[in-house]
Amino acid sequence: MIQYIENEDGPVLGYSQSSGIGIITVDGKKFKDLNKSGKLEPYKDWRLPAAERAKDLASKMTIEQIAGLMLYSPHQSIPAADRGFFTSTFGGKSFTESGAKPWELSDQQINFLTKNHLRHVLVTSLQSPEIAAKWSNEVQGFVEGIGLGIPVNNSSDPRHSSDSSKEFNEGAGGHISMWPEPLGLAAAFDPDLVQKFGEIASKEYRALGITTALSPQIDIATDPRWFRFNGTFGEDSDLSSDLARAYVDGFQTSSGEGEISHGWGYDSVNAMVKHWPGGGSGEGGRDAHYGAGKYAVYPGNNFEEHLLPFTEGAFKLAGETGEPSAVMPYYTISVDQDTINGENVGNSYSRYLIQNLLRTTYRYDGVVCTDWSITRDFSGKMDVFIDGKPWGVEQISVAERHYKLLMAGVDQFGGNFDIDPILEAYHMGVQEHGESFMRARMEQSAVRLLLNIFRLGLFENPYVDVKETVQTVGNPDFMNEGFAAQLKSIVLLKNKDQLLPLSRQVKVYMPKRHYPAKRDWFGNLIPARTDYPINRKLLEKYFQVADGPAEADVALVFISGPDSGIGYSNDDAEKGGNGFVPISLQYRPYTAEYARDKSIAGDRAYKGKTVKTINECDLDLVLETKKQMEGKPVIVSMLLSNPAVVAEFEEEADGLLVHFGVQDQAVLDILSGKAEPSGLMPFQMPANMQTVEEQLEDVGHDMEPHVDTEHNVYDFAFGLDWEGVITDSRTKKYRKNNR
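Thresholds, definitions, all that
Residues numbered from 1 in each chain as written. Predicted model: local features only at pLDDT ≥ 70, side-chain atom pairs only at ≥ 80, totals over all residues. Heavy atoms only, no water. Helix = DSSP H or I, 4+ residues; strand = E, 2+ residues; numbered from the N terminus. Rg over C-alpha atoms; globule rule 2.2 N^0.38 Å. Buried < 20%, exposed > 50% of the residue type's maximum accessible area, 1.4 Å probe, protein only. Contact = heavy atoms within 4.5 Å. Areas by Shrake-Rupley, 256 points an atom, 1.4 Å probe, with all protein chains shown as cover. Expected span 1.5 Å × (residues − 1). Polar contact = N/O pair within 3.5 Å; in protein donor to acceptor, adjacent residues only side chain to side chain. Axes fitted to C-alpha atoms, helices over the stretch in contact; angles between N-to-C directions. Parallel < 35°, antiparallel > 145°, perpendicular 65-115°, else oblique. Left-handed = near helix turned anticlockwise from the far one by under 90°. Nonpolar A, V, L, I, M, F, W, Y, C, P; charged D, E, K, R; others polar. Pairing = 2+ DSSP bridges. Salt bridge = Lys/Arg side-chain N within 4 Å of Asp/Glu carboxyl O. Phe/Tyr/Trp six-rings, centres within 6.5 Å; stacked < 30°, edge-to-face > 60°. Right-handed = clockwise from strand over helix to strand, strands pointing away. Core = buried A, V, L, I, M, F, W, Y, C linked by side-chain atoms within 4.5 Å. Lys, Arg positive; Asp, Glu negative; His and termini not counted.

**Some details on the overall build of the protein**
And then number 1: When helices and strands are counted, the protein shows 21 helices and 33 strands.
And then number 2: Computed over the C-alpha atoms, the radius of gyration of the protein is 26 Å, within 12% of the 27 Å expected from 2.2 N^0.38 for a compact globule of 739 residues.
And then number 3: With the C-alpha coordinates of the protein rotated into their principal frame, the extents come out at 85 × 55 × 55 Å.
And then number 4: Within the protein, buried positions represent 60% of all 739 residues.
And then number 5: Restricting to contacts in the protein with at least 6 residues of sequence separation, those with at least 24 account for 70%.
And then number 6: With an accessible surface of roughly 27700 Å², the protein has 47% of that area assigned to carbon and sulfur atoms.

Structural data, given as structure tokens:
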């Protein structure tokens, strides 16, 4: 049971009766006796600055406890998963068999909280806000009675979109306000909107017991083929910088009664910006989650621009918190960018990128946390997502990798729950530099990590009120704000003869769509199916619905952008090739005639090879529907995760709108005129695959954009409203002068 004690002119203390801690009274003020010493040591004294408290606590910690603080758990679903990669048990049985309550701690969680002293937990899917709140209270009550009583810092990948199918926002789509994907936020071209999102999202996070956001992803997506393009704010460094600043300010800043000190407080959520120094320039568009994509290349000598969203955006906040709490480097090897040591290793391992550039040149002193699983061994399989990613240091041991990371300036190891390699790394350092040096190095990281817990008031009260959680998370006001943002994220690209908006009386034909079989990010097979793309009953609320083309006035076709895979083929490798194939942004089979003859990094060229898309049937659906309509108009709604070659069907479409992940109602509100489109393209749409191949991976705005039948150019910052091409303060500020 949670007890609360009020302090006059001070914080409310929350503690669990089962934790066994006491309360110390000094000068009429109440303090939690977290280590049960009976003394008011500085780290327990809420009157002192957070930095002083953190230094005192770090000095009291054993090396084992500091090592545990450096761990960041793998993905944890609430309740714990019964199957899959992150299977957990309760009393040795699956949660289903055990009869455990969904908010109770798993055997694995108890183990890493006690044996390994872990205090940073990555939370993914949540059954409900109520269960999330109860689990958070359960875990905080458990650790409060252990050792020094350090609270848990729960974290989350993005969870406010309507799509939970991706690893990067697995917790999305539940009882929480729904907002556009980051590309959709970018399409609004509105930093104030992004800051509002951060302010609302942080309140929902704190109500769920989540205190760190593993976001925003502020890489500039300068290669249009990149797997993680949809998690960014697009290809433009100016827009990305402004949105990065707004996002972090929104998440981190508390005000009024919620503020404790310097903008930090009870409404604050730590922001972990990623991925230093930018991961958007993978050679051939390949992604470093896979062995096939470990190299980031800079053929345009444009490395410095990739730093701007950090150095001019997230590191120059308008709010009092000053800088983001944490930075996550990407997996990639930034080829030939180390100008001091000449070392080509994964970004977290690079002393040049972390110590020399990030910490010394740009004076960043917050937490640096590696991306997940970079210290694990690599299996050698180029196309496996769930694998170790020790790029550039494959030949050294796991412990040696931890030591190299510590010496590079890293504080925390993502996806690790074992302290043993950190302890081995510590002893390596003792042998090389002496015990006092290594103790100081470990305490340096401990202070940074503890600051992010102290500043949010968690040492005084880490608990959430379950009733308030239910009332806060996904409340109608927040839902309305999110839906309004979704509307602003939709981009109208084509509106031939002012076809849109459609009237209520229009008879709309919506063909069924085929969804080919594919594998999710864990490698699990998703079976093929054919179904209506949106609920027909929902469509009937907006238009008259026709059963076939003959009775219809207009057809409405829903598709997604082309998907050709990750740029690696085991079939090619088995036939004696190097395994590397193109990544295509067109639907029809693509042969890489214009690719470079030799790859920049390694033997990874693919010139002359052919690749097919998984969803070529989407193009067929548009073209077949056009024929069936016999001259009557066809409108295409396209979900984009990357730029796409729309030349294959655009001429056949009378209307074309694109979005980046929104609820179906938002698309229908635009089509029906209930809302007017205002979104702008956060990237260029390429004219063809030749311009995709010939653009430089590290340079934005360097493709030939598509020109449609209405003579509109699908360039960065292009969009239509009901009057025509949008020209406003946003386009004046961000549209490139050379177009």
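**Brief notes about helix H12 (residues 420-433)**
And then number 1: Helix length check: H12 (14 residues) gives 20 Å between terminal C-alpha atoms against 20 Å at 1.5 Å per residue, within 8%.
And then number 2: Residues of H12 that are buried: Pro421, Ile422, Leu423, Ala425, Tyr426 and Gly429.
And then number 3: Of the residues trailing H12, glycine 434 is marked for its positive phi of about 100°.

**Brief notes about the side chain of arginine 439**
And then number 1: Its place among the elements puts arginine 439 in helix H13 (residues 435-454).
And then number 2: There is a polar contact of 3.4 Å between the side chain of arginine 439 and the backbone oxygen of serine 59.
And then number 3: Ignoring anything within four residues of it in the chain, the contact list for arginine 439 reads Ala58, Ser59, Met61, Thr62, Ile63, Ile66 and Tyr426.

**Thoughts on the packing of helix H15 (residues 476-489) against helix H19 (residues 664-671)**
And then number 1: Relative to each other, H15 and H19 sit at 55°, their axes nearing to 9 Å. In terms of axis orientation, H15 runs oblique to H19. As H15 packs across H19, the resulting crossing turns out to be right-handed. In contact with Phe483, Gln486 and Leu487 of H15, H19 contributes Gln665, Ala666, Asp669 and Ile670.
And then number 2: Broken down by class, the residue content of the contact of H15 with H19 amounts to four nonpolar, two polar and one charged.

**Here's the deal with helix H9 (residues 303-314)**
And then number 1: With twelve residues, H9 should reach 16 Å at 1.5 Å per residue; the first-to-last C-alpha distance of 18 Å fits that figure.
And then number 2: Looking at H9, one finds that the buried residues are Phe303, His306, Leu307, Pro309, Phe310, Thr311, Gly313 and Ala314.

**As for the sheet that holds strand S18 (residues 367-368)**
And then number 1: Within the open sheet, the seven strands sit side by side as S6-S9-S10-S11-S14-S16-S18. Their pairing is parallel. Each edge of the open sheet carries a strand with a single partner, namely strand S6 (75-78) and S18.
And then number 2: The pairing of strand S16 (residues 326-329) with S18 spans two bridges and is parallel. Residue pairing in the sheet places alanine 326 in a bridge with valine 367 of S18.
And then number 3: Packing against the sheet, helix H5 (residues 129-144) makes contact with S6, strand S9 (120-126) and strand S10 (153-156), and its axis sits at approximately 145° to S10.

**As for the pattern of salt bridges**
And then number 1: Scanning the model with the defined rule gives 36 salt bridges in all.
And then number 2: The partner of aspartate 56 in a salt bridge is lysine 60, and the shortest N-O contact between them spans 2.6 Å. In this pair, aspartate 56 and lysine 60 both sit in helix H1 (residues 50-60), four residues apart, roughly one turn of the helix.
And then number 3: Two residues, aspartate 531 and arginine 529, come together in a salt bridge whose shortest N-O distance is 3.9 Å.
And then number 4: Counted as one network, the salt bridges with shared partners bring together Arg359, Asp365, Asp411 and Arg448.

**Quick notes on the packing of aromatic side chains**
And then number 1: Taken as a whole and judged by the stated rule, the model has 32 aromatic pairs.
And then number 2: Between phenylalanine 189 and tyrosine 734 the ring centres are 5.7 Å apart and the planes differ by 70°, which places this aromatic pair in the edge-to-face class. Taken together, the positions of phenylalanine 189 in the loop between helix H6 (182-187) and helix H7 (191-208) and tyrosine 734 in helix H21 (residues 729-734) put the pair 545 residues apart, joining distant regions of the chain. Each member of the pair phenylalanine 189 and tyrosine 734 is classed as buried.
And then number 3: On the basis of an interplanar angle of 70° and a centroid distance of 5.9 Å, the ring pair of phenylalanine 227 and tyrosine 290 is categorised as edge-to-face.

**Some points on the pairing of S16**
And then number 1: Residues of S16 alternate between two faces, with Ala326 and Met328 on one and Val327 and Pro329 on the opposite face, all of them buried.
And then number 2: In the sheet, strand S14 (residues 270-276) pairs with S16 via four bridges, with the strands oriented parallel. The residue of S16 that forms the bridge with tryptophan 276 is proline 329.

**A word on unusual backbone geometry**
And then number 1: Residue serine 215 is joined to proline 216 through a cis peptide bond whose omega torsion reads 5°.
And then number 2: On the secondary structure map, proline 216 appears in the loop between strand S11 (212-213) and helix H8 (237-252).
And then number 3: Even without being glycine, aspartate 497 reaches a positive phi, approximately 55°.
And then number 4: By secondary structure assignment, the location of aspartate 497 is in the loop between strand S20 (491-495) and strand S21 (507-509).
And then number 5: Positive phi, normally seen in glycine, also occurs at histidine 701, with a value near 60°.

**Re the pairing of S9**
And then number 1: Burial within S9 is extensive, with five of its seven residues counted as buried.
And then number 2: Here S9 pairs with S10 via four bridges, running parallel. The partner of histidine 120 across the bridge, within S10, is asparagine 153.
And then number 3: Each parallel crossover has a hand, and the one from S9 via H5 to S10 is right-handed.

**What to know about the nonpolar core**
And then number 1: Counting residues in hydrophobic clusters, the biggest one holds 192 residues, and the most contacted among them are Trp276, Leu450, Met638 and Phe649.
And then number 2: At nine residues, the largest contribution of residues to this core is made by H13.
And then number 3: With sequence-adjacent residues up to four places away left out, phenylalanine 649 is seen in contact with Ile559, Tyr587, Leu619, Val622, Leu623, Val636, Met638 and Leu656.
And then number 4: Judged by nonpolar contacts, the second largest core, of eleven residues, contains Leu585, Tyr590, Ala592 and Ala595.

**Description of the side chain of aspartate 698**
And then number 1: Tracing the backbone through its elements, the reader meets aspartate 698 in the loop between helix H20 (689-694) and strand S32 (720-721).
And then number 2: Among buried Asp, Glu, Lys and Arg side chains, aspartate 698 stands out as unpaired, with arginine 596 the closest opposite charge at 7.3 Å.
And then number 3: When sequence neighbours within four positions are dropped, the list of residues in contact with aspartate 698 reads Thr222, Ser281, Val297, Tyr298, Pro299, Gly300, Asn301, Asn302, Phe303 and His306.

**Some remarks on the environment of serine 88**
And then number 1: Relative to the helices and strands, serine 88 is located in the loop between S6 and strand S7 (89-90).
And then number 2: We classify serine 88 as buried; its relative accessible area is 6%.
And then number 3: With near-sequence residues (within four places) excluded, serine 88 lies in contact with Ala80, Ala81, Ser94, Phe95, Ser106 and Gln108.

**Notes on the environment of isoleucine 110**
And then number 1: Tracing the backbone shows isoleucine 110 in helix H4 (residues 107-114).
And then number 2: Accessibility expressed as a relative area gives 33% for isoleucine 110, which makes it partly exposed.
And then number 3: The spacing of isoleucine 110 and valine 139 is 29 residues in sequence and 8.8 Å in space, taken between C-alpha atoms.
And then number 4: Discounting chain neighbours no more than four positions away, the residues touching isoleucine 110 are Leu105 and Phe142.

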